[in-house]
Each structure stands twice: as structure tokens, then as C-alpha cells.
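# Examining the three-dimensional arrangement
Listed here are the chains, written in short residue letters.
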Number of protein chains: 2
Amino acid sequence: MFQNKYKRDGLADALRGHGINPTHQRIEIAHAIFSHGEHLSADQILARVNGRASETSKATVYNTLRLFVEKKLVREVIVDPSKVFYDPNPDPHHHFYNIDTGELTDIDARNIRVTRLPPLPRGMRKAGIDIIVRIRSARA
Amino acid sequence: MFQNKYKRDGLADALRGHGINPTHQRIEIAHAIFSHGEHLSADQILARVNGRASETSKATVYNTLRLFVEKKLVREVIVDPSKVFYDPNPDPHHHFYNIDTGELTDIDARNIRVTRLPPLPRGMRKAGIDIIVRIRSARA
DNA sequence: CCCTCGAATTAGACAGAGTCCAAACGCTGG
DNA sequence: CCAGCGTTTGGACTCTGTCTAATTCGAGGG
């Protein structure tokens, strides 16, 4: 219990740093996302948070994820038509997406350069670029 | 009636060309997608096909869209967590996605160059790259 | 220490996209 | 005309995510 007390205190600070009031549930949800470098869906996060007994409601998990996204603590990754993944990596990066397994892998954005992008439509500003490299087993 | 008879015959040939048995429903669905350069969701396609009276079932529309994607007649565009869009443009291209309106606009892939992409994970081959430039009104 | 009040959480009903299934339909070739 | 198979169909179902109204929590003031 003591060893991750530290971790959870750190998380509380991280939440405050993003303008988020660190409640118990939010800390648990942040813990589920960050303790673990993977990309999880809302469902998986809900399951992790409620390890043995049900402690946090579905509504809270969805509310909290929306809040985290607004406050830019995590990013949404939209690659699978059926569900959103949440990405704990704060650095600019893109993704490999394994079509067959659903597995997501980060690609550091410093390793990618996109050139000759046409001008944005008039009166628009860029809100972000997502690059998804869909991959599958070579023999299939 | 005559002027789009021609169009529909052309579509039947296009379907055959992709190894698809051109049934009435499939031709109507292809017509809904291609007559019209936009990106439509399954729902919108269903609505278009059943203009006045209900003629084609939801199951058929979904089955057919899956078939068209398999046969590479249309592409899925996954940008909105709540629904898939179907893209009639056969040329390599990417998308601007207007976050506020949901509007999709094509970006010709010839105008874009992605360099320094890291090597694919071992034993994997590339199945496609999607680049989505999310945009929004400059003053918001 | 207790009270108050706004913020956060909750259960459960609800919505919308998409899937599944077993039955019915309708070409096509014999 | 019939058999057989691919296609279509309605409707029930699943799953992800949203909404709402009621309840609980907890920080700050007295």
C-alpha cells in the first residue's frame, strides 16, 4: 500500500497541474491509465478501476475520461470503429495499428516529417494531425 | 429514368469489375454512394437508398458496405468515434476533418510526403496509412 | 466541530450504431 | 418446372456511450 501511495500522490499533483480537482475516483482512473503504458478503452479502464469489487460507476469513468481529454491529460485515439482508446503518452506521436490484433504502438513524431501539406481551408486552424499506419502480419 | 439507367448500368459493370455480383440492392447502394462525391455514413446511405418507401433493409446495407470494403470498392474512414464514413474516392488521399461540423474533405496524397517513417515491427507489412488533419474555425 | 452548498458521483434508463440469426426470397442452370 | 444457393430481410440483440435526477462528498466558514 505504501509504495503506490507515493504514485497516487504524484498523480494528484499531476491532476492539479492540469486544473483538475483530484478526487478519489479521478486518481484511481488516472492510476489505471498511467500505471501501465498501454492504450486502454473505456471498458478496460472501468474493469481495471473496479478490480475486485465495483467501486466506481460507469458514468464516472466516462465523465472523467471526457474531462481528462478536455484538460489534455490524455488523448483519444480513434482507429477502431467500435471504441475509443485513451493514450497516456503526452509527447507528440503517431501510431501503428495492428488490424488483426487491435494492438496500438507509438511512433515518435520526431521520426516523421509530413511535407507539402496543402493550405487549410479559409478561416480554419489546425487542431492536430493523426497519422495511423495500419499494419498486419506479412503472411496473411 | 433513362439518363440514370445508363449510370446504373455503369455501376453494374463497376461491381462486376470488383468481383461483386450486381444485385438490385447493391446497385442502389453503390448509386447512393457514388452519385454524389461526399462521405456518407451507413445511416445516411440507408436513408438515401430508401428515398420514399422502405425498399432495402438495414442488414443488407451493412452487409453490402462490408462487402464493398472487402472488395476495395470503397474505403472506410474512421474519424468519428460514433460512426464510420464511406469514401467513394478510389485515389490515394487523406482527409481534413472539421471537428465542429463533422465535414470531411479530401487531400490528394500526391501533395503529401511522409518521410523518416520508422521500420515496421518485425514480420509486419503495411496495410495503409491514414492521415487525418483535424481542423476547426480559427476563432473559437 | 458542525453546517452548508456546490461539485462530484451514482444507478439505471436510454440512445444509436452495428451484428446476428433463422426464415424467406429469387436467380440460374439443368 | 424444379433444385439449390446466394442474397435479402425483420427483428431481436449487443455494445459503447450519454443522460438524468437523486444522493453523497468534502472544503471552507462560522
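Note on numbering: residues in each chain are counted from 1, in written sequence order. A letter from A marks each chain and a number from 1 marks each ligand, given out in the order of writing. The model is predicted, so local features are restricted to residues of pLDDT at least 70 and side-chain atom pairs to those at 80 or more, both for listing and for counting; the totals for chains, interfaces and linings are taken over all residues.

### Concerning the protein's contact with DNA strand C
To decide nearness, the C-beta atom of each residue is placed from the backbone, and the residue is near a molecule or strand if that atom lies within 6 Å of it. Of all residues adjacent to DNA strand C, which total 22 residues, the nearest are T23, Q25, S57, A59 and T60 of chain A. Only DSSP runs of H or I with at least four residues qualify as helices, and only runs of E with at least two residues qualify as strands; both kinds are numbered from the N terminus onward. When residues of the surface near DNA strand C are traced back to their parent elements, those giving at least two are α2 (24-34) and α4 (58-70) of chain A together with α3 (42-49), α4 (58-70) and β3 (83-87) of chain B. Among the elements that take part in the surface near DNA strand C, α4 of chain A stands out by supplying five residues, more than any other. Of the residues assigned to the surface near DNA strand C, the class counts are six nonpolar, 10 polar and six charged. Here the term charged refers only to Asp, Glu, Lys and Arg, the term nonpolar to Ala, Val, Leu, Ile, Met, Phe, Trp, Tyr, Cys and Pro, and the term polar to all other amino acids, Gly among them.

### With respect to the pairing of strand β7 (residues 124-137) of chain A
The pairing criterion for strands is at least two bridges between them, as found by DSSP. In this sheet, β7 of chain A lies alongside strand β4 (residues 93-98) of chain A in parallel orientation, the contact comprising four bridges. Across the sheet, F96 of chain A pairs through a bridge with V133 of chain A, a residue of β7 of chain A. Here β7 of chain A pairs with strand β7 (residues 124-137) of chain B via 13 bridges, running antiparallel. Pairing of S137 of chain A across the sheet is with M124 of chain B, part of β7 of chain B.

### Side note on the protein's contact with DNA strand D
Among the 22 residues in the neighbourhood of DNA strand D, the closest are listed as T23, Q25, S57, A59 and T60 of chain B. Mapped onto the surface near DNA strand D, the elements with two or more residues apiece are α3 (42-49), α4 and β3 (83-87) of chain A together with α2 (24-34) and α4 of chain B. Considered class by class, the residues forming the surface near DNA strand D number six nonpolar, 11 polar and five charged.

### Some details on the environment of L73 of chain B
All names here are of chain B. Take L73: it is sitting in the loop between α4 and β2 (75-80). A residue is called partly exposed when the number of other C-beta atoms within 10 Å of its own lies between 12 and 20, exposed at 12 or fewer, and buried at 20 or more, with C-beta atoms placed from the backbone. Residue classification places L73 among the buried positions, given that 23 C-beta atoms sit within 10 Å. Note: C-alpha distance between L73 and P90 (17 residues apart in sequence) is 7.4 Å. What counts as a contact is two residues whose backbone-derived C-beta atoms lie within 7 Å of each other. Beyond its immediate sequence surroundings of up to four residues, L73 is in contact with H18, I20 and F68.

### Quick notes on the sheet that holds strand β2 (residues 75-80) of chain A
All names here are of chain A. Strand order in this open sheet of three strands is β1-β3-β2, and the pairing throughout is antiparallel. At either margin of the open sheet sits one strand with a lone partner, and together these are β1 (40-41) and β2. The pairing of β2 with β3 spans four bridges and is antiparallel. Across the sheet, residue V77 finds its bridge partner in β3, namely F85.

### Regarding the relation of the copies chain B and chain A
The operation relating the two chain copies consists of a rotation about an axis and a shift along that axis. When chain B is brought onto chain A, the operation consists of a screw motion whose angular component is 180° and whose axial shift is 0.0 Å, with 0.1 Å RMSD remaining. Here the transformation between the copies is reduced to the relation of a two-fold axis. Both copies present the same face, since 100% of the interface residues in chain B are matched by interface residues at the equivalent positions in chain A. A least-squares superposition brings the copies together, and it is based on the C-alpha atoms of residues with pLDDT no lower than 70 in both.

### Some points on the interface of chain B and chain A
Each partner contributes to the interface: chain B provides 34 residues, whereas chain A provides 34 residues. Only β2, β5 (104-108), β6 (113-115) and β7 of chain B provide two or more residues apiece to the side of chain B that touches chain A. If one sorts the elements of the side of chain B that touches chain A by residue count, β7 of chain B sits on top with 14 residues. When the residues that make up the side of chain B that touches chain A are grouped by side-chain class, the tally is 21 nonpolar, six polar and seven charged.

As far as function goes, none of this settles anything; it's purely spatial.
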